[in-house]
Structure formats: C-alpha cells, structure tokens
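Analysis of the macromolecular model
One letter stands for each residue in the lines below.
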Amino acid sequence: MERLRPIFTRLYETYPLYGPLAFADFETTGLSRDAKVIEIGAISVSFDGMHVAFDTFETLINPNQKIDKIITDTTGITNEELANAPGEEKYHDFHQWLLKSSPSKIIAHNANFDERIIKYNFNRMNIHYMFPPFECTMRMSRKQLKDISNDKLVTVADRFNFKNTQAHRALTDTETCAYVYAKLILGEYQ
C-alpha cells in the first residue's frame, strides 16, 4: 500500500472532508449473473486529519465447483488452489470487514459488474448489508481520458505510469483501481 500513500495524502489534503473509501475487486467463476466469487481483494482508505490509513482484505474462496480453463488462464487461479481455499464463510468475514471500514462509497473498475456480483452473493448467503453507493473508475476514465485506446484497468493505469504487477488478481487490481481513482479525482492526467 505504500505506493498509494503519496497520492492519497494529496487527495485528503486537497479534499479533507472525503470520507473513508473502499476499493474492491472480485474474481469470479464467470461473467453470468449467478457467478460465484473465487477471490476478493479490498482496500479501505481513511484519513484522521494527519495520516492516511490503509486496511486490506484478501482471500480466495472455494466456490464448490470447478472453474473453466479460461478463468484460470485469465487469473492464474487454479482449481487445485481453490480446492484448498476457505469456503463461502469468507463472505461473512468480508461483511464484517465492510462494517468495520464503514466506507462512504465503494469504488471498482467496472463497478456495475462488481456491485451485481457481491450483492448477488451476499443475498445468496443471506447476508444483509446496506451498501454505500458504488463508483466506477471505468466510467470516470471514459469521460476524462480521451487519448487512451481502451478502458481496461491496465490501459488506464499505464496512462498514469502505474504498473499493475499481477493483472486479474483481486488485490493488485484493487490497488491499481485506487491509484487510478485518486489520479482522476485530482485531475493529474500527466
């Protein structure tokens, strides 16, 4: 998270009333409406008036089903890893993390997908949570950056010279999303 500290220090110095933020990414069994989460990566960012604080949540989740080769090819997550991963009780742990973090908003790249997936899976697990608004860095980048070839997270991050060291892994995608968000809010396009 140290790569994020300078940019979030500037963000909170510029906008000191910004509330706690949560960034999240979910790797899933597929793109369908009933996809299950196989990996959660989330970062909470808050400011106490003096210091920026980060808290992370990261876990694999065994979806109790085999994942297709295309998911493994995209994420690098294998069926063997998932067979040894914690079960769906991790949704409850994530719920507790969200309650503790108390974010004013949740930010994701392609937030429509992430919001739909986590709400579906919380509902499926009978977890009740009043989600704050979701904000989308993909939509933000479409509006603000006219000189990029596409709106993929890695492309937008490259525009800001921020290297995603493990694309399509939840926590590194979340870290990348957080950096992109701060740059877009601050208007630091160069």
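Here is a short report on the structure shown in this document. Here, residues in each chain are numbered from 1, in the same order as that chain's written sequence. Reporting in this predicted model follows two pLDDT cut-offs: at least 70 for local features of residues, and 80 or more for side-chain atom pairs to be given and counted; totals over whole chains, interfaces and linings ignore these cut-offs and use all residues. As a rule here, side-chain values come from all non-hydrogen atoms in the structure, and water together with hydrogens is ignored.

1. Overview of helix 1 (residues 5-14)
Only protein chains enter the accessibility calculation, which uses a 1.4 Å probe. A residue is then buried if its area is under 20% of the maximum for its type, exposed if over 50%, and partly exposed in between. In this text, helices come from DSSP runs of H or I with a minimum length of four residues, and strands from runs of E with a minimum of two, each type numbered from the N-terminal end. For helix 1, the full list of buried residues reads Ile 7, Phe 8, Leu 11 and Tyr 12. Within helix 1, the buried residues cover an arc of 130° as seen down the axis, which keeps them to one side. Elements that come into contact with the buried residues of helix 1 comprise strand 1 (21-28), strand 2 (37-47), strand 3 (52-60) and helix 8 (170-186). Picture the helix axis, draw a direction to every C-beta atom, and the arc is the one those directions span. Between two residues, a contact is recorded if the distance between any of their heavy atoms is within 4.5 Å.

2. Comments concerning the nonpolar core
Each nonpolar core is a collection of buried residues, namely Ala, Val, Leu, Ile, Met, Phe, Trp, Tyr and Cys, held together in the definition by side-chain atoms within 4.5 Å. Phe 8, Leu 21, Phe 23 and Val 45 are the most contacted members of the largest nonpolar core, which totals 29 residues. Ranked by residues supplied to this core, first place goes to helix 8 with nine residues. What Phe 23 contacts, discounting residues up to four positions off in sequence, is Phe 8, Gly 41, Ala 42, Ile 43, Val 45, Ile 107, Thr 174, Cys 177, Ala 178 and Tyr 181. Core analysis: the next-biggest nonpolar cluster, separate from the first, contains 26 residues, Ala 24, Ala 35, Ile 117 and Phe 134 among them.

3. Examining the packing of helix 4 (residues 90-101) against helix 5 (residues 111-124)
Only C-alpha atoms enter the line fits that serve as axes; for helices the fit covers just the stretch in contact. Angles between N-to-C directions range over 0 to 180 degrees. For the pair helix 4 and helix 5, the least separation of the axes is 10 Å and the interaxial angle reads 115°. As for how helix 4 packs across helix 5, the hand of that crossing is left-handed. Seen from helix 4, the contacting residues are Tyr 91, Phe 94, His 95 and Leu 98; seen from helix 5, they are Ile 118, Asn 121, Phe 122 and Arg 124. Throughout this entry, Asp, Glu, Lys and Arg are counted as charged residues, while Ala, Val, Leu, Ile, Met, Phe, Trp, Tyr, Cys and Pro are counted as nonpolar. The remaining residues, Gly among them, count as polar. Residue classes in the contact of helix 4 with helix 5 are distributed as five nonpolar, two polar and one charged. Crossings are classed by handedness, with left-handed meaning an anticlockwise turn of the near helix from the far one by less than a right angle and right-handed meaning a clockwise turn.

4. Points about the side chain of Thr 28
Secondary-structure assignment places Thr 28 in strand 1. Accessibility expressed as a relative area gives 7% for Thr 28, which makes it buried. Polar side-chain contacts of Thr 28 include one of 2.5 Å to the backbone oxygen of Gly 30. The contact partners of Thr 28, leaving out residues within four places of it in the chain, are Ala 35, Lys 36, Val 37, Ile 38, Ile 71, Phe 113 and Ile 117. Pairs of N or O atoms are called polar contacts if they sit within 3.5 Å, as long as, within protein, a hydrogen donor faces a hydrogen acceptor (for residues adjacent in sequence, only side-chain-to-side-chain pairs).

5. Description of the pairing of strand 1
Here strand 1 lies mainly inside the structure; eight of its eight residues are buried. Alternating residues of strand 1 divide into Leu 21, Phe 23, Asp 25 and Glu 27 and Ala 22, Ala 24, Phe 26 and Thr 28, and every residue in both groups is buried. With eight bridges joining them, strand 1 and strand 2 adopt antiparallel strand pairing. Its bridge partner lying in strand 2, Glu 27 is registered against Glu 39. At least two DSSP bridges between two strands are required for those strands to pair.

These figures come from the coordinates and say nothing about function on their own.
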